[in-house]
Amino acid sequence: AVMASGGVYSCEFEVFGRVQGVYFRRHALKKARTLGIRGWCMNTDVGTVKGYIEGRPAEINVMREWLKTTGSPESNVDRVKFSPKRQKQGYGYANFHIRP
């Protein structure tokens, strides 16, 4: 069924701006689970939020757009760095989670 819906793609991201201490990861988790996106995100020690997302192309695009333009209400995103989208054989994660 996964192949019929466009296959599974993945990409890594890093969000720059005011994204720590503003519940960014919690909101990203909610959004990812709503979309059926799997993967993870975490705070880095340089003040960014890094992560990995996998899912169908349409949902990946929505999630990328959300990371760039929405974020959490208190956040202020300057820019997001994305790795190129890669096609995968299947999912590598069972869900989306926040890494400590």
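Just above, that's the structure.
Predicted, not measured: the structure shown is a model, and the values here were computed from it. (Residues numbered from 1 in each chain as written. Predicted model: local features only at pLDDT ≥ 70, side-chain atom pairs only at ≥ 80, totals over all residues. Heavy atoms only, no water.)

**Concerning the overall build of the protein chain**
The secondary structure content of the protein chain amounts to two helices and six strands. Ordered by position from N to C terminus, the α and β elements of the protein chain give β-α-β-β-α-β-β-β. In the protein chain, buried positions account for 37% of the 100 residues. In the protein chain, the proportion of contacts linking residues at least 24 apart, taken out of those at least 6 apart, comes to 79%. About 5,800 Å² of surface is accessible on the protein chain, with carbon and sulfur atoms providing 48% of the total. Charge centroids of the protein chain, computed over 17 positive and 8 negative side chains, lie 4 Å from each other. (Helix = DSSP H or I, 4+ residues; strand = E, 2+ residues; numbered from the N terminus. Buried < 20%, exposed > 50% of the residue type's maximum accessible area, 1.4 Å probe, protein only. Contact = heavy atoms within 4.5 Å. Areas by Shrake-Rupley, 256 points an atom, 1.4 Å probe, with all protein chains shown as cover. Lys, Arg positive; Asp, Glu negative; His and termini not counted. Charge placed at Lys NZ, Arg CZ, Asp CG, Glu CD.)

**Re the side chain of T48**
Among the secondary structure elements, T48 is positioned in the loop between β2 (38–43) and β3 (49–55). Reaching out from T48, the side chain makes a polar contact with the side chain of T44 at a distance of 2.7 Å. Apart from the residues lying within four places of it in its own chain, the contact partners of T48 are E14, V15, F16, V19, Q20, M42 and N43. (Polar contact = N/O pair within 3.5 Å; in protein donor to acceptor, adjacent residues only side chain to side chain.)

Honestly, that's just the spatial picture; any functional story needs more than this.
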